[in-house]
Amino acid sequence: MAELITGSGADGEEPPKIEFPCDYPVKVLGRNVEEFRPLVLEIFERHAPGFDETTITVRDSRKGNFLSLTVTITATGPEQLEALHQDLRATGLVQMVL
């Protein structure tokens, strides 16, 4: 199993480790425009084929200008997550990926 290790904590504790494969929620925030959701889901399908669309949560911002999608995928490694993040940001519609 692969592990993702992040930088050491400020208090000297062991950094958190992610063991792959694992269920991994990704939150994507962008402008609430018609093409946002289909484009984001197309990118997820490219990087995590067959993800369970029934697990998607959708939230509008208070004024309705933004939309957030939380999509849970089976993450296979840090390379997959980095490529997903880059493709989402490259759309020009995504403001933030968490």
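Above this text is the structure in question.
The rules we used
Residues numbered from 1 in each chain as written. Predicted model: local features only at pLDDT ≥ 70, side-chain atom pairs only at ≥ 80, totals over all residues. Heavy atoms only, no water. Helix = DSSP H or I, 4+ residues; strand = E, 2+ residues; numbered from the N terminus. Buried < 20%, exposed > 50% of the residue type's maximum accessible area, 1.4 Å probe, protein only. Areas by Shrake-Rupley, 256 points an atom, 1.4 Å probe, with all protein chains shown as cover. 1 Å grid on protein atoms, 1.4 Å probe; cavity = no way out; pocket = protein on both sides within 12 Å on 5 of 7 lines; lining within 4 Å. Points joined across faces, edges and corners; volume = space filled by probe spheres on them. Nonpolar A, V, L, I, M, F, W, Y, C, P; charged D, E, K, R; others polar.

Brief notes about the overall build of the protein
A count of helical and extended segments in the protein gives two helices and six strands. In the protein, the succession of helices and strands from N to C terminus is β-β-β-α-β-β-α-β. Here the protein, with 98 residues, has 30% of them falling under the buried criterion. Surface accessibility of the protein: about 6400 Å² in total, with carbon and sulfur atoms responsible for 50%.

A word on the layout of surface pockets
Rolled over the atoms, a probe as big as a water molecule pinpoints where empty space is left. Volume-wise, the largest pocket comes out at about 160 Å³. Along the walls of the largest pocket sit ten residues, with Tyr-24, Leu-81, Glu-82, His-85 and Val-97 positioned nearest its centre. Examining the composition of the lining of the largest pocket, we find that five residues originate from one element, helix α2 (residues 78–89), more than from any other. Residues that form the lining of the largest pocket fall into these classes: eight nonpolar, one polar and one charged.

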